[in-house]
There are 2 protein chains.
Amino acid sequence: MASSQEEKGCFGNLIGRIIGTAKDAQKLGKEDPRRIVHSLKVGLAISLVSLFYYFDFSYEGFGVSAMWAVMTVVVVFEFSVGATLGKGINRAIATLLGGALGVALHRLASFAGEKIECVILGISVFLIASVATYVRFFPKVKARFDYGLLIFILTFSLISVSGYRDDEVIDMAYKRLSTILIGGAATVFICVFVCPVWAGEDFHKLTAANVDKLGIFLEGFEREYFHGSKKGSQDKTASLSQYKSVLNSKGIEDSLVNFAKWEPRHGKFRYRQPWNQYLKVGSLTRECAYKIDALNARLNSSVQAPMEARARIQELCSKMCSECSLALRELATAINTMTRPSTVDSHVVNAKTAAQKLKSCLKTKSSLWPDMDLLDVIPLLTDASLLIDIVSCTVKITDSVHELSSKSKFKAPPENKMAKQTSRERAARSTSIGSHSFTITVE
Amino acid sequence: MASSQEEKGCFGNLIGRIIGTAKDAQKLGKEDPRRIVHSLKVGLAISLVSLFYYFDFSYEGFGVSAMWAVMTVVVVFEFSVGATLGKGINRAIATLLGGALGVALHRLASFAGEKIECVILGISVFLIASVATYVRFFPKVKARFDYGLLIFILTFSLISVSGYRDDEVIDMAYKRLSTILIGGAATVFICVFVCPVWAGEDFHKLTAANVDKLGIFLEGFEREYFHGSKKGSQDKTASLSQYKSVLNSKGIEDSLVNFAKWEPRHGKFRYRQPWNQYLKVGSLTRECAYKIDALNARLNSSVQAPMEARARIQELCSKMCSECSLALRELATAINTMTRPSTVDSHVVNAKTAAQKLKSCLKTKSSLWPDMDLLDVIPLLTDASLLIDIVSCTVKITDSVHELSSKSKFKAPPENKMAKQTSRERAARSTSIGSHSFTITVE
């Protein structure tokens, strides 16, 4: 009886785990439905290449070498077009070079006697494999050609090794290269023409989304912290902590940019879009996210902001917060739609003016607060100092987005917006305090 | 004449680039001489396996399958033992499973008619490749079994594809598995027994070095900022900016821990050392590094700390700084030598006491500074607030290292140190303000 119950428990446990895994799988698919499409694409490519092989008409004479076609599909097919093209090009060129070097070396060695040939080949394989492995440590090579060097070593060794056994080296090299090209072509075709995933587009959207997340945080922070609205706090807390993903985005950005550099012109993106400028925007965004993280810690601290005499400072802080939020969100939209940001300069100028006013306010007002406890002011000063930092970060982000918009030739904003912009901008520029790269520091 | 000069220019340019690359290569080798050793090891393994093939005695009957041995060496041989073992185990198990499934499916399908067989095999390859590709998106699977799934798809497809052509499926599966085992065994043997590089040891050292870098910064900061020593500034600035590498160490730590988990017992490290606790220490160290980054920005700011009436606050700040530095450096030594830290608690208590004193000082002293400009105090308050944050970070790091020392069973410190410790600790505990996880916040 007990053992049967135990069995039932085990069985129930197993079913529970299966259901859990199924739910995880469903969640993964909902997060990004392109994952499901990608899996089906890989299945399609592999079974297509296998069927070609099965019906034998195109592989006449390839024999065992045909397995390289299947192998290429499995190994080269990656999630994004850029990653696939990068691996494919690496593999094709490396196979060509490795094969050519292998054949050439084999020919050279064959002029010597049979015993010396073996020594020459052994030493060459040792030397070339060692040097190529060492080259893989160069950071720039590692980022873009790591896979190519691996395949180079592989092909070179295989050609040399098979060269030991018979003289069909050139035939083998030819077969290997052509089957790899067939597999590679099938992969690239399916990857590019069936629901393609462009790394460049993802990188573009990620950059815009990260800037937007900072704006969303500042918007929510201003509402909750300065106006003390607490309703619907569940949803709002979620929207407030979105920015946290920005903190750890460096790795993703670096790999996306490496993939994007392989991609041809597509949609709104040219071949070699100024991706490095995107990286710059990304790193400034991350810098700002760290300041925002510090501000967020203030939100959770038990001490509430004093709501009494320092209304003026609070007003200025709130102003900085909302203007930065508006500026960041507009920048995000500008990146996303690839139109030049039109009203962002006025928001930046407003934020800078508020920061300037805050500085002079602190200078003059201090004499008005003679009997105040210093410890009570610290929270307010911390907020003010962080917000001033955030303003200067926003200025830097704005500058780098302006640079991006000129480098990637963003569209001009629509006419009606333009008119609004120029009049606003004129008004704004008159109150401007120096150039965009001007940074405000209270300390 | 001009063209000959141009030629010379080109030639000079080429030589310049070659010399530059050679210098880079030398630098890479000096940074970590194990890179050179690794390259030679890979060359050795590949040429050894090739020579076996050449002399034909062990490959009697393997024929073309022997290439899998060379291939396995090239693909599996990684820099650290953990990465190599991980890839090797993944490859062996995946080949076994993929091969078995391929053979089983082929047998099942062969009961049907020839035309249906082709459809069944095609659909199965499609389904299994799709599902396996989808499973690779699970984050936990991706971290440890990504390579295994790739090889599973590969072997399964290859066995099925070759199954179409002739009935030597089992023979092929057997040959593929045994040559992979030969290649894998050679790789693992050379990787483990010739100058092994242990990912676990590297991770251990990295954790200690990162904690140490924070201590070095605080030491230098205290000297330069509070005592204003400026001599030998070139060297000191270099030592001050060492901590910056800690900020971006998350990626390296994550990959090292993934490798370390594959490694067997070696030296002072058990199989499955509590690596996750190391990760925890690492993430707290990084948190502290961000505070230190903010402190570093203060060092470069043009405003100098006021050196007048606020000597008391400066003294306390300097005290916090130096005690945290001592604590962190001792923790680093403790991790490095795997001995329990002995005097660290007293430093932590001293730092906490200084922080407490600073708080009360700010409370009472503010009334003593009635006519002071608020803007003048802000730099000092910012320093104080940052240093108090750093003290609380140090407390957290200390706690996690204590936990690590009990989990990994660190050695007890030598006798003479023990005596010093217990007396100090007793003195320390009596002035202790709460438990170790007590965090001090001014705000």
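Note that the coordinates shown come from a computational prediction; the quantities given were computed from them, not determined experimentally. (Residues numbered from 1 in each chain as written. Chains lettered and ligands numbered in written order. Predicted model: local features only at pLDDT ≥ 70, side-chain atom pairs only at ≥ 80, totals over all residues. Heavy atoms only, no water.)

### Section: the overall build of chain A
Okay, step 1: A tally of helices and strands in chain A yields 16 helices and zero strands.
Okay, step 2: Look at the contacts in chain A between residues 6 or more apart in sequence, and 81% of them connect residues 24 or more apart.
Okay, step 3: Put simply, chain A shows about 20700 Å² of open surface, and 61% of that area lies on carbon and sulfur atoms. (Helix = DSSP H or I, 4+ residues; strand = E, 2+ residues; numbered from the N terminus. Contact = heavy atoms within 4.5 Å. Areas by Shrake-Rupley, 256 points an atom, 1.4 Å probe, with all protein chains shown as cover.)

### Here's the deal with a nonpolar patch on the surface
Okay, step 1: Nonpolar side chains collect at one region of the surface, where A:Phe11, A:Leu14, A:Ile15, A:Ile18 and A:Ile19 lie side by side and expose about 500 Å² of accessible area between them.
Okay, step 2: Looking at A:Phe11, the relative accessible area reads 55%, which means it is exposed. (Patch = residues over 30% accessible without salt bridge, like charges linked within 9 Å, V, L, I, M, F, W, Y side chains within 5 Å. Salt bridge = Lys/Arg side-chain N within 4 Å of Asp/Glu carboxyl O. Buried < 20%, exposed > 50% of the residue type's maximum accessible area, 1.4 Å probe, protein only.)

### Some words on the environment of A:Val74
Okay, step 1: With respect to the element layout, A:Val74 can be found in helix α3 (residues 67-76).
Okay, step 2: Residues A:Val74 and A:Thr333, spaced 259 residues apart in sequence, show a C-alpha to C-alpha distance of 38 Å.
Okay, step 3: Beyond its immediate chain neighbours, meaning those up to four positions away, A:Val74 contacts A:Ile46, B:Leu150, B:Ile153 and B:Leu154.

### A few points about the pattern of salt bridges
Okay, step 1: In the structure shown here, the tally under the stated rule is 32 salt bridges over all chains.
Okay, step 2: Salt-bridge contacts for B:Lys250 lead to B:Asp254; the nearest nitrogen and oxygen are separated by 3.1 Å. Of this pair, B:Lys250 and B:Asp254 both sit in helix α11 (residues 250-260), four residues apart, which is roughly one turn of that helix.
Okay, step 3: With relative accessibility at 31%, the residue B:Asp254 sits in the partly exposed group.
Okay, step 4: Among the ionic contacts, a cluster of salt bridges with common partners joins A:Asp32, A:Arg34 and A:Asp202.

### A short note on the packing of aromatic side chains
Okay, step 1: Taken as a whole and judged by the stated rule, the model has 23 aromatic pairs over all chains.
Okay, step 2: On the basis of an interplanar angle of 40 degrees and a centroid distance of 5.1 Å, the ring pair of A:Trp275 and A:Tyr278 is categorised as tilted. Here A:Trp275 and its partner A:Tyr278 are both found in helix α12 (residues 275-300), three residues apart, which amounts to about one turn of the helix. We note that A:Trp275, like A:Tyr278, is buried.
Okay, step 3: Counting every residue linked through ring pairs, the aromatic cluster contains A:Phe203, A:Phe269, A:Trp275 and A:Tyr278.
Okay, step 4: Directly above the ring of A:Tyr147 sits A:Lys87, whose terminal nitrogen or CZ lies 4.9 Å from the centroid.
Okay, step 5: Note that B:Arg144 overlies the ring of B:Trp262, its terminal NZ or CZ placed 4.3 Å from the centroid. (Phe/Tyr/Trp six-rings, centres within 6.5 Å; stacked < 30°, edge-to-face > 60°. Lys NZ or Arg CZ within 6 Å of the ring centre and 35° of its normal.)

### Some words on the nonpolar core
Okay, step 1: Counting residues in hydrophobic clusters, the biggest one holds 86 residues, and the most contacted among them are A:Ile46, A:Trp68 and B:Ile46.
Okay, step 2: Among all residues touching A:Ile46, those that are not within four sequence positions of it are A:Val73, A:Val74, B:Val125, B:Ala129, B:Ile153 and B:Ser157. (Core = buried A, V, L, I, M, F, W, Y, C linked by side-chain atoms within 4.5 Å.)

### Focus: the side chain of B:Ser157
Residues and elements named next belong to chain B.
Okay, step 1: Secondary-structure assignment places Ser157 in helix α6 (residues 139-165).
Okay, step 2: The class for Ser157 is buried, based on a relative accessible area of 1%.
Okay, step 3: Only 2.7 Å separates the side chain of Ser157 from the backbone oxygen of Ile153, close enough to count as a polar contact. (Polar contact = N/O pair within 3.5 Å; in protein donor to acceptor, adjacent residues only side chain to side chain.)

### So, the packing of helix α8 (residues 199-226) of chain A against helix α11 (residues 250-260) of chain A
All names here are of chain A.
Okay, step 1: Axis separation between α8 and α11 bottoms out at 8 Å; the angle between their running directions is 145 degrees. Crossing angle aside, the handedness with which α8 passes α11 is left-handed. Only Ile252, Glu253, Leu256, Val257, Phe259 and Ala260 of α11 make contact with α8, whose side of the interface consists of Ala199, Gly200, Asp202, Phe203, Leu206 and Asn210.
Okay, step 2: Residue composition of the contact of α8 with α11, by class: eight nonpolar, two polar and two charged. (Axes fitted to C-alpha atoms, helices over the stretch in contact; angles between N-to-C directions. Left-handed = near helix turned anticlockwise from the far one by under 90°. Nonpolar A, V, L, I, M, F, W, Y, C, P; charged D, E, K, R; others polar.)

### With respect to the environment of B:Gly148
All names here are of chain B.
Okay, step 1: By the secondary structure assignment, Gly148 is in helix α6.
Okay, step 2: Its relative accessible area of 7% is what places Gly148 among the buried residues.
Okay, step 3: When the C-alpha positions of Gly148 and Leu358 are compared, they lie 57 Å apart, and in sequence the two are 210 residues distant.
Okay, step 4: When near neighbours in sequence (up to four residues on either side) are disregarded, Gly148 contacts Asn90 and Ala94.

### Describing the confidence of the model for chain A
Predicted coordinates in regions of low pLDDT should not be interpreted in detail.
Residues and elements named next belong to chain A.
Okay, step 1: Overall, the prediction assigns chain A a mean pLDDT of 79, with 78% of residues at 70 or greater.
Okay, step 2: Segment residues 302-309: pLDDT under 50, and seven contacts once partners within four positions in sequence are set aside and those in other chains are kept.
Okay, step 3: The model gives residues 418-443 a pLDDT under 50, and that stretch makes 45 contacts with residues more than four places away or in other chains.
Okay, step 4: The complex prediction reports pTM at 0.81, with the ipTM value standing at 0.81. (pLDDT = per-residue confidence, 0-100.)

### Let's talk about α3(A)
Okay, step 1: The buried fraction of α3(A) amounts to ten of the ten residues, a majority that puts the element mostly inside the structure.
Okay, step 2: Inspection of α3(A) places A:Met67, A:Trp68, A:Ala69, A:Val70, A:Met71, A:Thr72, A:Val73, A:Val74, A:Val75 and A:Val76 among the buried residues, and these make up the whole buried set.

### A closer look at the environment of B:Ala185
Okay, step 1: Tracing the chain through its elements places B:Ala185 in helix α7 (residues 169-193).
Okay, step 2: With 167 residues separating them along the chain, B:Ala185 and B:Ile18 place their C-alpha atoms 38 Å apart.

### Details of helix α8 (residues 199-226) of chain B
Okay, step 1: Between its first and last C-alpha atoms α8(B) spans 40 Å; for 28 residues at 1.5 Å apiece the expected length is 40 Å, and the two agree.
Okay, step 2: In terms of burial, α8(B) is a largely internal element, 20 of the 28 residues being buried. (Expected span 1.5 Å × (residues − 1).)

### Quick word on the packing of α8(B) against helix α13 (residues 311-337) of chain B
Residue and element names in this part refer to chain B.
Okay, step 1: Remark: α8 packs on α13, axes separated minimally by 8 Å, with the N-to-C direction vectors making an angle of 160 degrees. The angle between the axes of α8 and α13 places the two elements in the roughly antiparallel class. Read as a crossing pair, α8 and α13 show a hand that is left-handed.
Okay, step 2: Residues of the contact of α8 with α13, tallied by class, amount to 14 nonpolar, eight polar and five charged. (Parallel < 35°, antiparallel > 145°, perpendicular 65-115°, else oblique.)

### Overview of unusual backbone geometry
Residues and elements named next belong to chain B.
Okay, step 1: Its identity as a non-glycine residue notwithstanding, Met338 has a phi of 55 degrees, on the positive side.
Okay, step 2: Within the secondary structure, Met338 is located in the loop between α13 and α14 (344-365).
Okay, step 3: The class for Met338 is buried, based on a relative accessible area of 5%.

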